[in-house]
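Survey of secondary and tertiary structure
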Amino acid sequence: MPAQFAAKRLGKELQKISNSLPPGIELVSANNLEEWLLDIQVLDNNPLYQNEKYRLKFRFGSSYPIEPPEVIFVKVPDRPIPMHPHIYSNGIICLDLLGTGWSPVQNVESVCMSLQSMLTGNTKDERPPGDEEFVRANRLRPKDIEFYYHDNDV
């Protein structure tokens, strides 16, 4: 039953985003209902992200939308991982929306818009504290990491 619900919901989302997405968000591929790639771009004049596009990978479990998708930035030749105090250099994103702050009313489009907003408001050209150690030692999938959400000012 949950897998059927996830498939139905994802089918509706895919149909919607295939036809229209907000500015700065582009569907790259969605060949199945398990993994989608989207590009996002910051549209304001933030010098940290000007003229850059970033690739997001969404992975959906059978409990979607009850549980959040796994969302990470992926590095490809012309799509770097953005510098941000909540984005690790391996693409893992520390954002409560993707964990304890998730609600089934959220969707792929709203996650992309939240990430655009997160980047737009950032002024710090830095990685999270302990980035190198985290990236070297972490063996968990993003959804299995228990982040401590302490800094919502960035």
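The structure under discussion appears in the preceding block.
Quick caveat: nothing in here was measured; it's all calculated off a predicted structure.

A few words now on the overall build of the chain. In terms of regular secondary structure, the chain is built from 3 helices and 4 strands. Listed N to C, the secondary structure of the chain is α-β-β-β-β-α-α in terms of helices and strands. Within the chain, buried positions represent 44% of all 154 residues. Contacts in the chain between residues far apart in sequence, at least 24 positions, make up 61% of those at least 6 positions apart. Element-wise, carbon and sulfur atoms account for 49% of the exposed surface of the chain, whose accessible area totals about 8700 Å².

With respect to the secondary-structure elements, Ser110 resides in helix α2 (residues 108-120). Reaching out from Ser110, the side chain makes a polar contact with the side chain of Gln106 at a distance of 2.7 Å.

The element strand β4 (residues 70-74) is extensively covered by neighbouring structure, given that 5 of its 5 residues are classed as buried. Here β4 shows two buried faces, one formed by Glu70, Ile72 and Val74 and the other by Val71 and Phe73. As defined by bridge partners, strand β3 (residues 53-59) adjoins β4 across 5 bridges and the pair is classed as antiparallel. Its bridge partner lying in β4, Arg55 is registered against Val74.

What counts and how
- Position labels on residues start from 1 in each chain and follow its written sequence.
- Per-residue local features of the predicted model are confined to residues with pLDDT of at least 70, and side-chain atom pairs are confined, for both listing and counting, to 80 or more; whole-chain, interface and lining totals are unaffected and use all residues.
- Side-chain figures throughout are based on the complete set of non-hydrogen atoms in the structure, without hydrogens or water.
- Strands are runs of DSSP state E lasting at least two residues, helices are runs of H or I lasting at least four, and both sets are numbered from the N terminus onward.
- Each residue gets one of three labels from its accessible area relative to the maximum for its type: buried under 20%, exposed over 50%, partly exposed in between, using a 1.4 Å probe on protein chains only.
- The criterion used for residue contact is that any of the two residues' heavy atoms lie within 4.5 Å.
- All accessibility values rest on the Shrake-Rupley procedure with a 1.4 Å probe; residue burial counts only the protein chains present in the view.
- In protein, a polar contact requires one atom able to donate a hydrogen and another able to accept it; more generally it is a pair of N or O atoms within 3.5 Å, and residues adjacent in sequence count only if both atoms are side-chain atoms.
- One bridge is not enough; two strands pair if DSSP finds at least two bridges between them.

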